[in-house]
Amino acid sequence: MACSFDESMELCELKVQLTYQQASFGEPENARVRVELKDQNAQIFVDSTDISRTARFIVPPGIYEASTSAAYIDSTETTWWRYNFNGIRSQIIVSPDSLNQVEMHVKVTRKRIVR
Amino acid sequence: MKKKLLPFIMLALGFGTAEAQSWKLVINKTDGQTVELATSDIQDIQFVSEEETPPTLPDQNIDQIIIKEVYNGGCPKDEGTGSFIQDKCIILYNNCPQQAVVNNLCFGFATPYNAEGNNHCYDENGQLVYDAEGFMPALNGIWYYPYSLVIEPYSQVVINVHGAIDNTQTYSQSVNYANKDYYCMYDPESGYNNTGYYPTPADVIPTTHYLKTVKYGQGNAWALSITSPALFIFQPQGVTPVDFAMNADNLWYEPTVAQTPVYACVKVPNEWIIDAVEVFNTAKKEDCKKRLTADLDVGYVYLTNKLGHVLYRNVDKEMTESLSENSGKLVYGYALGVDDSTDPSGIDAEASIRNGAHIIFQDNNNSSEDFHERQKCSLR
């Protein structure tokens, strides 16, 4: 059972699993990636991914937006690169009778650092 | 250098006097051809020296050009009765130690106009419908440089969007754009000809600094949001800005809306986009929705408009401090943020630049981390 039906504190567990499609750029070095969850009042909840790349939130039913943003600099080559790992998933509906588990695709981009 | 001749010609001809007579301008060209224009069709005549036309240069370090500031929200009028919003600008910055050169640089903003507006672009899975196709819908029209734009290392260029005059003469909290180094979006022949937004630019701005536009939407002024735009700069690949924006195959409309000029967008491929920023409206936080896709920008920066505030890029503290030439030149104690929104580096970029420092700004494709709300535009 993912949710409590206690009327005084109705909370649900939402799982947000990160997926990486552009394997050629790899994944962030830090396996624990910060994930933010924003409710409709712009209140922010934060968690980090576990080994299954999943962040877990205990939140009231509602509509949410999840996002993640991580960056690192690769300075091992002559040309330095900044890698950005960004993902966003909007209109996530959390309710007691929903699965409350979504995937969030992380897009990887890189940009030259000219020194 | 530009010379305006028409007023003198019309004065000499007695144009406008009681005698009802129509006149035309006749140009006899050296090749024997003749061009005739009715004076009623002519706004003014300008002679522009050829040496002012910038040469075409090869592209260089385009990926280092970033949006440094967006001033779109207007400022209070002095008399305290409302706000003045016809004084917008965008400031670009070359974030590297080498010269940057970009040809056909374009400006666009995403649909809908405001982050808090009705957004029909989300599907049932909470994904933007254009995300999978890899483009951004540029609403209303695009502006472009018709020549090579050169930005010196660690330097900026100012592009006025509306009101390329000294607005401080009327509203002291506005911006003075009467500067020979500034550029402006001014192309009244395009249909963007509302003189409230497009007064004749200040005389000191060379006509070669006027950007051109392709208008495919509704209205007589480029409708950059005064609350919350999603702005991006891009360079078309293998096609001119005009051919790209005029091609009906590139037109696109939000799902469910009428396919009229009001909602007309052109599809800008994401790989053409150089930089982008997403602005949310502080007064309507709960209604704001992302328009930029995650590969371009994953965050948002809040703006309280009509107060002279600006969206300003944060300093990359580690990279900036690592520059040996900045020793002793960086100014700390930055205090121009708005409420909780500030530059976490603590470095006062403008004061440091005046002190001779080279600033490297943060660029994580995340407006939440890369920008803050600043009390006033750096041009003030």
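The structure presented is a predicted model; accordingly, all values stated were derived computationally and were not measured.

**Student:** Tell me about the overall build of chain A, and please be specific about residues and values.
**Tutor:** Check the secondary structure of chain A and you find 0 helices and 7 strands. When the helices and strands of chain A are placed in sequence order, the string is β-β-β-β-β-β-β. The buried share of chain A, reckoned over its 115 residues, is 30%. For chain A, the proportion of contacts with a sequence separation of at least 24, taken over those separated by at least 6, is 60%.

**Student:** Which residues make up the overall build of chain B, and what are the values?
**Tutor:** Secondary structure summary: chain B contains 5 helices and 23 strands in total. By the compact-globule yardstick of 21 Å for 380 residues, chain B fits well, its C-alpha radius of gyration being 22 Å. With respect to the principal axes defined by its C-alpha atoms, chain B has extents near 70 × 55 × 50 Å. For chain B, the proportion of its 380 residues judged to be buried stands at 44%.

**Student:** Talk me through the sheet that holds strand 11 (residues 135-139) of chain B; I want residue IDs and the actual numbers.
**Tutor:** The strand order 11-19-18 (chain B) describes an open sheet built from 3 strands, whose pairing is antiparallel. Each edge of the open sheet is held by one strand with a lone partner, namely strand 11 and strand 18 (251-252) of chain B.

**Student:** Before we move on, could you go through the pairing of strand 7 (residues 101-113) of chain A and cite the residues and values that matter?
**Tutor:** Residue and element names in this part refer to chain A. For strand 1 (residues 12-20) and strand 7, the ladder comprises 6 bridges, and the chain directions are parallel. Each residue of the ladder has a partner; that of lysine 15, found in strand 7, is glutamine 101. In this sheet, strand 7 lies alongside strand 6 (residues 80-94) in antiparallel orientation, the contact comprising 8 bridges. The partner of arginine 82 across the bridge, within strand 7, is lysine 111. Counting the residues between successive antiparallel strands, the hairpin from strand 6 to strand 7 contains 6 residues, one of them, asparagine 100, with a positive phi of roughly 55°.

**Student:** Report on the nonpolar core, specifying residues and quantitative values.
**Tutor:** In terms of nonpolar packing, the biggest core is built from 94 residues, with Ile159 and Cys184 of chain B touching the most fellow members. Counting 17 residues, the second largest nonpolar core, distinct from the first, contains Leu14, Val33, Ala70 and Val108 of chain A.

**Student:** So what's going on with the sheet that holds strand 20 (residues 273-281) of chain B? Which residues, and what values?
**Tutor:** Residues and elements named next belong to chain B. Pairing is mixed across the open sheet formed by 12 strands, whose spatial order is 21-20-17-10-12-16-15-14-8-5-22-23. Pairing within the sheet leaves two strands with one partner each, and these edge strands are strand 21 (301-303) and strand 23 (371-374). Strand after strand, the sheet turns through a mean of 25° between neighbouring axes, direction not considered.

**Student:** Would you mind going over the interface of chain A and chain B in detail, with residue names and values included?
**Tutor:** Taken together, the contact between chain A and chain B spans 20 residues of the former and 21 residues of the latter. Of all the secondary structure elements, the ones that give two or more residues to the side of chain A that touches chain B are strand 5 (62-74), strand 6 and strand 7 of chain A. Broken down by element, the side of chain A that touches chain B gets its largest block of residues, 8 residues, from strand 6 of chain A. Split by residue class, the side of chain A that touches chain B holds 5 nonpolar, 10 polar and 5 charged.

**Student:** Outline the domain arrangement of chain B, listing residues and values.
**Tutor:** Considered domain by domain, chain B is made up of domain 1 (2-48) and domain 2 (58-311). A straight line from the C-alpha centre of domain 1 of chain B to that of domain 2 of chain B covers 36 Å.

Calculation rules
- All residue numbers refer to position in the chain's written sequence, counted from 1.
- Each chain takes a letter, starting from A, and each ligand takes a number, starting from 1, following the order in which they are written.
- pLDDT decides what is reported in this predicted model: residues at 70 or higher carry local features, side-chain atom pairs at 80 or more are listed and counted, and totals for whole chains, interfaces and linings draw on all residues regardless.
- Helix and strand definitions follow DSSP, with helices as H or I runs of at least four residues and strands as E runs of at least two, each counted in order from the N terminus.
- Counts of 20 or more other C-beta atoms within 10 Å of a residue's own C-beta define buried residues, counts of 12 or fewer define exposed ones, and intermediate counts define partly exposed ones; C-beta atoms are placed from the backbone.
- Once C-beta atoms are placed from the backbone, any two residues with those atoms within 7 Å are in contact.
- The reference for a compact globule is 2.2 Å times residues^0.38; the radius of gyration itself is calculated from the C-alpha atoms.
- For two strands to be treated as a pair, DSSP must find at least two bridges joining them.
- In these notes, a nonpolar core means any group of buried Ala, Val, Leu, Ile, Met, Phe, Trp, Tyr and Cys residues linked to one another through C-beta atoms within 7 Å.
- To obtain an axis, a line is fitted to C-alpha atoms, over the contacting stretch when the element is a helix, and the angle between two such axes runs from 0 to 180 degrees between their N-to-C directions.
- Ten residue types, Ala, Val, Leu, Ile, Met, Phe, Trp, Tyr, Cys and Pro, are classed as nonpolar, four, Asp, Glu, Lys and Arg, as charged, and the remainder, Gly among them, as polar.
- Boundaries between domains were set according to an automatic or database domain assignment.

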